[in-house]
Amino acid sequence: MAMLTEVVSEPHSCSWQDRAARVLTAGGFGNFDPGVVIKRGSAARVWDTDDREYVDFLIGSGPMLVGHAHPEVVDVVQKQVADGTTFFASNPHGIALAEEICSAVACAEEVRYGATGTEAILYAVRVARAFTGRPKILKFEGGYHGTTDEAQMSLAPKRLANFPQAVPDSAGISEHVRDHVLVAPFNDADAVIKLLDEHDGEIAAVLAEPLQRLIPPTPGFLETLRAETKRRGVLLIFDEIVTGFRLAYGGAQEAYGVTPDLCTLGKTVGGGFPLSAIAGRADVMALFDEAVSGDQHVSLGGTLSGNPVASVAGLKTLQILRREGAYEKIENTGRQIMSAIANAFSKRSIPVQVVGVPVMFDAVFTSEPVRDYRAGFRANRDHAKIFNRVLRDHGILKPPSKFYISLAHTEDDVAQVTTAIDAAAEAIANA
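To keep things clear, this report deals only with the structure shown in the data block. (Residues numbered from 1 in each chain as written. Predicted model: local features only at pLDDT ≥ 70, side-chain atom pairs only at ≥ 80, totals over all residues. Heavy atoms only, no water.)

**With respect to the pairing of strand S2 (residues 45-48)**
Note the threshold: Burial classes follow relative accessibility: with a 1.4 Å probe on protein chains only, a residue under 20% of its type's maximum area counts as buried, one over 50% as exposed, and anything between as partly exposed. What counts as a helix is a DSSP run of H or I of at least four residues, what counts as a strand is a run of E of at least two, and both are numbered from the N terminus. Only strands that DSSP links by at least two bridges are regarded as paired with each other.
A two-sided burial pattern is seen for S2, the buried positions comprising Arg 45 and Trp 47 on one face and Val 46 and Asp 48 on the other. Here four bridges tie strand S1 (residues 38-42) to S2, and the two strands are oriented antiparallel to one another. Bridge pairing in S2 links Ser 42 to Arg 45. Between the antiparallel neighbours S1 and S2 lie two residues, among them Ala 43 with a positive phi of about 55°. Pairing of S2 with strand S3 (residues 53-56) involves three bridges; the strand directions are antiparallel. When the bridges of S3 are listed, Trp 47 appears paired with Glu 53. Counted along the chain from S2 to the antiparallel partner S3, the turn is four residues long, and its residue Asp 51 has a positive phi close to 65°.

Take a look at the structure:
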C-alpha cells in the first residue's frame, strides 16, 4: 500500500504525459487532447499539472453546469461518502432524484438509471424494439448518441453516402446492424416522412438529439417528428444527455414544446458523477419490470446505477439551477461570447456562422447556414484548428467544436475569452 501511495502522490522524474504514454492507449483516456492533464478545478477555472490556469469551457464535457467544486455540491457529497458510496440496493437520494426528474421532464412518468449516456441509449433503443416488436431505428446523420453499435452509424462519416444508408464510424460493428439503422438528414421533415412511409411497420423508434450537437431544429421539424411517429405507432426518443436541464430546467422538451415517448438523461443530472437515466411513458417503461412484462421483459441493471453519491450531487445541482436567475445568467454569458465571435470575424470579413444556442455553441467557418451535418462538414477546418489553437494559447480550454457555458463563468472570464477570440480572428486573417 505504501508503494501505491508513492506512485500517486510523489513527484516523478518524467512528465505525466510521458507516464500516460507508457500505460494508456494513445496516451490518454480517449476523450480529449492527452497533452492536457488537469489536476484541479474551481468554479469556471481549471489548472493543469504544469500549473497553467485556463478558463474552462469544456466543463467536463458538460456535466459541471454549476461549476467545478461548487461548495454546496462538495458538502453534500462529502456527507454522503461518509455514509457509504454505493449499496446496489435502492437509496433515498436516488428515489428523490427520480421524483425530481418526473416532476421536471414532460415525458417522464417513470425512470430507470444507468451510469453512462451510452447505457441509457442502448436500453432506450432496446426497449423501443421490445415494445413495438419492430427491428429498425431511424436516426440522423451527425447525431451523437454514445458508442453503441447503432449510435456509431453515421455519427461523423468521412464518406458521405446516399440516404438512408448507414455508414459505420467504428470497426468491429456487425454488418447486420447496418441493415437495421436508417439515416436521414437532420431538419429534413420530408425525408423522414418518406422513410417512415417506405418502411412502414418496420421502424421501432426515431432517435434524435432535439438540438443536434449544436444545430437547432428548424421551426416545425420536431413537431413533425412527433406527429408522424405517433400516427404510425413509432416511438420518439429524444437524446437529452446534453440538453436535459441545460436548455431549460425541463430540457429541450420544455424549450421546444415537444414531448417524446422516451428520453435519455445524463451529464448535468449526475452533478459531475457517473449517472444516466431513461425516462418516459409508464407503459413503455413497464417492460423493465419483469413482474409485469413477461416475455417482453428488458433486463436493465448496473452496479452503480442510481448510486447515492451521484444522486445527491445531481439533486443539489438541480436545486442550484432552480434558483431565480440561474438560466438567465448562463444565457447572458453565452450571448456575450456569441456576439464576440460574430463581431471579431465580421470586421475582418471572414465567413463564420455562430451555431448553437447561448448555453452551448461554436464558430463554424462557412458562409452557408448550418442546418445539418453536411453543411458543417463543408466548413473550413483549417480555420477551426487555428481558432482552437489560439484560444488554448490564451488560456481558454474548450472542446474542438463547442463552447459549454456554466453558471460559474464570470465577466472576467468573458473578457478573457473575448480577447482570445479577437486574437484568433487576427491569426486567421493573416494565415
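**A closer look at the environment of Ser 276**
Quick note on the threshold: Any two residues whose heavy atoms approach within 4.5 Å at even a single point are treated as in contact. Two N or O atoms form a polar contact when they lie within 3.5 Å of each other; inside protein one atom must be a possible hydrogen donor and the other a possible acceptor, and for residues adjacent in sequence the pair counts only when both atoms belong to side chains.
Residue placement: Ser 276 occurs in strand S10 (residues 276-280). For the pair Ser 276 and Ala 96, spaced 180 residues apart in sequence, the C-alpha to C-alpha distance is 15 Å. Not counting the four nearest positions on each side in its chain, Ser 276 is found in contact with Arg 112, Tyr 113, Gly 114, Ala 115, Thr 116, Gly 117, Ala 120, Leu 265 and Gly 266. A distance of 2.6 Å separates a polar side-chain atom of Ser 276 from the backbone oxygen of Thr 116.

**Section: the side chain of Glu 209**
To keep it simple, the criterion reads: Charge assignment in this entry is limited to Lys and Arg as positive and Asp and Glu as negative, and neither His nor the chain termini are counted. By salt bridge we mean one thing: a side-chain nitrogen of Lys or Arg within 4 Å of a carboxyl oxygen of Asp or Glu.
Structurally, the position occupied by Glu 209 is in the loop between strand S7 (203-208) and helix H8 (221-232). Of the side chains with opposite charge, Arg 213 comes closest to the buried, unpaired Glu 209, at an N-O distance of 4.7 Å. Side-chain polar atoms of Glu 209 contact the backbone nitrogen of Tyr 144, separated by 2.9 Å. Apart from residues lying up to four places away in sequence, Glu 209 is in contact with Gly 142, Gly 143, Tyr 144, His 145, Phe 186 and Asp 239.

**Some points on the pattern of salt bridges**
Counted by the stated rule, this structure contains 25 salt bridges. Residues Arg 232 and Asp 197 are paired through a salt bridge, measuring 2.3 Å at the closest nitrogen-oxygen approach. Of the two residues, Arg 232 sits in helix H8 while Asp 197 sits in helix H7 (residues 189-198), which places them 35 residues apart along the sequence. In this structure, Arg 348 engages Glu 426 in a salt bridge whose closest nitrogen and oxygen atoms are separated by 2.8 Å. In this pair, Arg 348 is assigned in the loop between helix H13 (326-346) and strand S11 (353-357) and Glu 426 in helix H16 (residues 411-429), connecting sequence segments 78 residues apart. The exposure class of Glu 426 is partly exposed, given its relative accessible area of 35%. The structure contains a network of salt bridges with shared partners spanning Asp 197, Glu 228, Arg 231 and Arg 232.

**Focus on helix H4 (residues 92-104)**
Filter applied, for reference: To estimate the expected span of a helix, subtract one from its residue number and multiply by 1.5 Å.
Taking 1.5 Å of rise per residue, the 13 residues of H4 would be expected to cover 18 Å, and the 18 Å separating its terminal C-alpha atoms lies within 8% of that figure. Against the buried residues of H4 lie strand S4 (110-114), strand S9 (262-265), S10 and helix H12 (308-321). Capping of H4 at its N-terminal end is provided by Asn 91; its side-chain oxygen lies 3.1 Å from the backbone amide nitrogen of His 93.

**Observations regarding the environment of Glu 331**
In this fold, Glu 331 is placed in helix H13. In this structure Glu 331 comes out as partly exposed when scored by relative accessible area, which is 22%. C-alpha separation for the pair Glu 331 and Leu 65, spaced 266 residues apart in sequence, amounts to 12 Å. If we ignore the near neighbours within four places in the chain, the residues touching Glu 331 are Leu 247, Pro 358 and Val 359.

**Topic: the packing of H13 against H16**
What counts here: Simply put, an axis is a line fit to the C-alpha atoms, just over the touching stretch for a helix, and the angle between two N-to-C directions goes from 0 to 180 degrees. By definition in this entry, angles of less than 35 degrees are roughly parallel, angles greater than 145 are roughly antiparallel, angles of 65 to 115 are roughly perpendicular, and the rest are oblique. Here a crossing is taken to be left-handed if its near helix is turned anticlockwise relative to the far helix by less than a right angle, and right-handed if that turn runs clockwise.
One way to put it is that H13 packs onto H16 with a least axis distance of 9 Å and a crossing angle of 20°. On the basis of the axis angle, H13 is roughly parallel to H16. Between H13 and H16 lies a crossing whose hand is right-handed. Of H16, the residues touching H13 (which contributes Asn 332, Thr 333, Gln 336, Ile 337, Ala 340, Ile 341, Ala 344 and Phe 345) are Glu 411, Val 414, Val 417, Thr 418, Ile 421, Asp 422, Ala 425 and Ile 428.

**Details of a negative patch on the surface**
This is how the line gets drawn: Residues enter patches when they are more than 30% accessible in relative terms and free of salt bridges; like-charged ones are connected within 9 Å and nonpolar ones (Val, Leu, Ile, Met, Phe, Trp, Tyr) within 5 Å. Here, Shrake-Rupley sampling with a 1.4 Å probe gives the accessible areas, and only protein chains in the shown set may cover a residue. To locate a charge, take atom NZ for lysine, CZ for arginine, CG for aspartate or CD for glutamate.
A cluster of acidic residues, Glu 109, Glu 110, Asp 289 and Glu 290, forms a negative patch at the surface. Within the element layout of this structure, Glu 290 appears in helix H11 (residues 290-293). Taking relative accessible area as the criterion, Glu 290 reaches 58% and is therefore assigned exposed.

**Quick word on the sheet that holds S9**
Taken in spatial order, the seven strands line up as S4-S10-S9-S8-S7-S5-S6 in an open sheet, and their pairing is mixed. The open sheet has two edge strands, S4 and strand S6 (181-184), and neither has a second partner. Along the sheet, successive strands turn relative to each other by an average axial angle of 20°, direction set aside. The sheet contact formed by strand S5 (residues 136-140) and S7 spans three bridges and is parallel. Residue pairing across strands places Ile 137 opposite Ala 205, the latter belonging to S7. Its contacts with the sheet put helix H5 (residues 117-132) on S4, S5, S7, strand S8 (235-240), S9 and S10, and the angle it makes with S8 is roughly 175°.

**Here's the deal with H5**
Side chains three or four residues apart in an α-helix point the same way, a direct result of the helix having 3.6 residues per turn. Between its first and last C-alpha, H5 extends 23 Å over 16 residues, near the 22 Å set by a 1.5 Å rise per residue. Of all the positions in H5, only Ala 120, Ile 121, Tyr 123, Ala 124, Val 125, Val 127, Ala 128 and Thr 132 are classed as buried. Those residues of H5 that are buried lie in contact with S5, S7, S8, S9, S10 and helix H10 (282-285). Just beyond H5, the residue with positive phi is Gly 133, at close to 70°.

**A look at unusual backbone geometry**
With an omega of 5°, the peptide bond running from Phe 163 to Pro 164 counts as cis. Within the secondary structure, Pro 164 is located in the loop between S5 and helix H6 (175-179). One non-glycine residue, Phe 245, lies in positive phi territory at about 60°. Inspection of the secondary structure puts Phe 245 in the loop between S8 and helix H9 (251-256). Even without glycine at this site, Lys 267 takes up a positive phi of about 50°. Looking at the secondary structure, you find Lys 267 in the loop between S9 and S10. Note on Lys 267: relative accessible area 21%, which makes it partly exposed.

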